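Examination of the molecular architecture
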Amino acid sequence: MIYRFKITSTEVEDFEREIEIGHEQTWLDMHNAIQESVGFDSSQMASFYQIGADGQRGLEIALFEMNTEDDDNMNVVAMDVAMIREFSSKENPDLIYVFDFFSDRHFNVELIDKGISKSTSDYPKCIVSKGEAPQQIMMDAENFAGLDLGSMDTDTKKEAPKTADDYLADFDDDFNEGPEFENLDDYEDIL
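It should be emphasised that the depicted structure is a prediction, and the values quoted were computed from it without experimental measurement. Along each chain, numbering runs from 1 in the same order as the chain's sequence is written. Reporting of local features is limited, given that this is a predicted model, to residues whose pLDDT is at least 70; pairs of side-chain atoms are given and counted only at 80 or more, and all residues count toward the totals for whole chains, interfaces and linings. To obtain the side-chain values, all non-hydrogen atoms of the structure were included, while hydrogens and water were left out.

Okay, the overall build of the protein chain next. A tally of helices and strands in the protein chain yields four helices and eight strands. In DSSP terms, a helix is any run of H or I states spanning at least four residues, a strand is any run of E spanning at least two, and both are numbered starting from the N terminus. Ordered by position from the N terminus, the helices and strands of the protein chain form the series β-β-α-β-β-β-β-β-β-α-α-α. Scored against the burial criterion, the 191 residues of the protein chain give a buried share of 36%. The contact criterion used throughout is that any non-hydrogen atoms of two residues lie within 4.5 Å. A sequence separation of at least 24 residues applies to 64% of the contacts in the protein chain between residues at least 6 apart. When the accessible area of the protein chain is evaluated, it comes to approximately 11,900 Å², of which 46% is carbon and sulfur surface. Exposed residues in this analysis have more than 50% of their type's maximum accessible area, buried residues have under 20%, and partly exposed residues fall in between, with area computed by a 1.4 Å probe over protein chains only. Computed with the Shrake-Rupley method and a 1.4 Å probe, the accessible areas treat only the protein chains shown as cover for residues.

So, in structure tokens, the structure goes:
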């Protein structure tokens, strides 16, 4: 079964994408399809959020799960294990896709059709692409100093969609910087 989602932006009036995806595919597949359709840098954090009738954010479908075993927060699931059919329905068709966490910018994602019977082997795919996407990251002068401009290259060749492990590897690399210590004496030496 194929689901069709319409993606719009409150920032760019004529921006629209429609993506068809199989009901057994994951939200990570949807994330990768959106990223490819708008040409964003896929190394940036992103999450889907279900939107309740009151307009408030509900369940988060995150790029990867950061809950610990002791964490009781069951309001977050990982994109790579969350199937499309599990978190989207005609009764609750609205989600948002946050692509810029620092500025809390997002796309509106609406389920517009469900139940198209086709083989899912060629999905997900973007079937409507109108308008230019908004800029991915809005930075102020304060945040610009730490930006790695090499990661913003938009003329890179097309790569295979990332998996959750690829995103985790990118995330882990950021924490491996700095001096290494074999014991506490090494730490005291630099103080």
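Structure shown, so let's carry the discussion forward.
As a further point, take helix H1 (residues 27-38). At 3.6 residues per turn, the α-helix brings residues three or four places apart onto the same side. Here a helix's expected span is defined as the number of its residues, less one, multiplied by 1.5 Å. Compared with the 16 Å implied by 1.5 Å per residue over 12 residues, the 17 Å span of H1 between its first and last C-alpha is a close match. The element H1 is extensively covered by neighbouring structure, given that 10 of its 12 residues are classed as buried. Restricting attention to buried positions, one finds in H1 the residues Trp27, Leu28, Met30, His31, Asn32, Ala33, Ile34, Gln35, Ser37 and Val38.

The subject of this paragraph is the packing of aromatic side chains. Two aromatic rings, drawn from Phe, Tyr or Trp (for Trp, its six-membered ring), form a pair once their centres lie within 6.5 Å of each other, and the interplanar angle then sorts them: stacked below 30 degrees, edge-to-face above 60, tilted otherwise. Enumeration according to the criterion identifies nine aromatic pairs in this entry. For the pair Phe40 and Phe99, a centre-to-centre distance of 5.2 Å together with 45° between the ring planes defines the contact as tilted. Within this pair, whereas Phe40 is found in the loop between H1 and strand S3 (47-51), its partner Phe99 is found in strand S6 (residues 94-100), the two being separated by 59 residues in sequence. The residues Phe40 and Phe99 share a single accessibility class, namely buried. With a centroid separation of 6.4 Å and an interplanar angle of 10°, the aromatic rings of Tyr97 and Phe107 are classed as stacked.

Being paired, for any two strands, means DSSP has found at least two bridges between them. Spatial ordering of the open sheet is given by S5-S4-S3-S6-S7-S1-S2-S8, a layout of eight strands whose pairing is mixed. What marks the edges here is a single partner per strand, and that holds for strand S5 (76-78) and strand S8 (125-130). Strand after strand, the sheet turns through a mean of 25° between neighbouring axes, direction not considered. Note: strand S2 (residues 16-22) against S8, five bridges, orientation antiparallel. Between N-to-C directions, angles cover 0 to 180 degrees, with each direction set by a line fitted to C-alpha atoms, over the stretch in contact for helices.

Time to look at the confidence of the model for the protein chain. In predicted models, pLDDT denotes the confidence assigned by the predictor to each residue on a 0 to 100 scale. Taken over all residues, the pLDDT of the protein chain has a mean of 80, while the share at 70 or more is 68%. Predicted confidence for residues 149-157 stays below pLDDT 50, and this span has three contacts to residues more than four positions away or in other chains.

Residue Pro124 is reached from Tyr123 by a cis peptide bond, and omega for that bond is 5°. Looking at the secondary structure, you find Pro124 in the loop between strand S7 (105-116) and S8. Backbone geometry at Asp104 places phi at a positive 50°, although glycine is not the residue there. Note that Asp104 resides in the loop between S6 and S7.

Moving on, we get to the side chain of Ser88. Within the element layout of this structure, Ser88 appears in the loop between S5 and S6. Residues within four places of Ser88 in sequence aside, it is in contact with Tyr3, Phe5, Trp27, Leu95 and Leu111.

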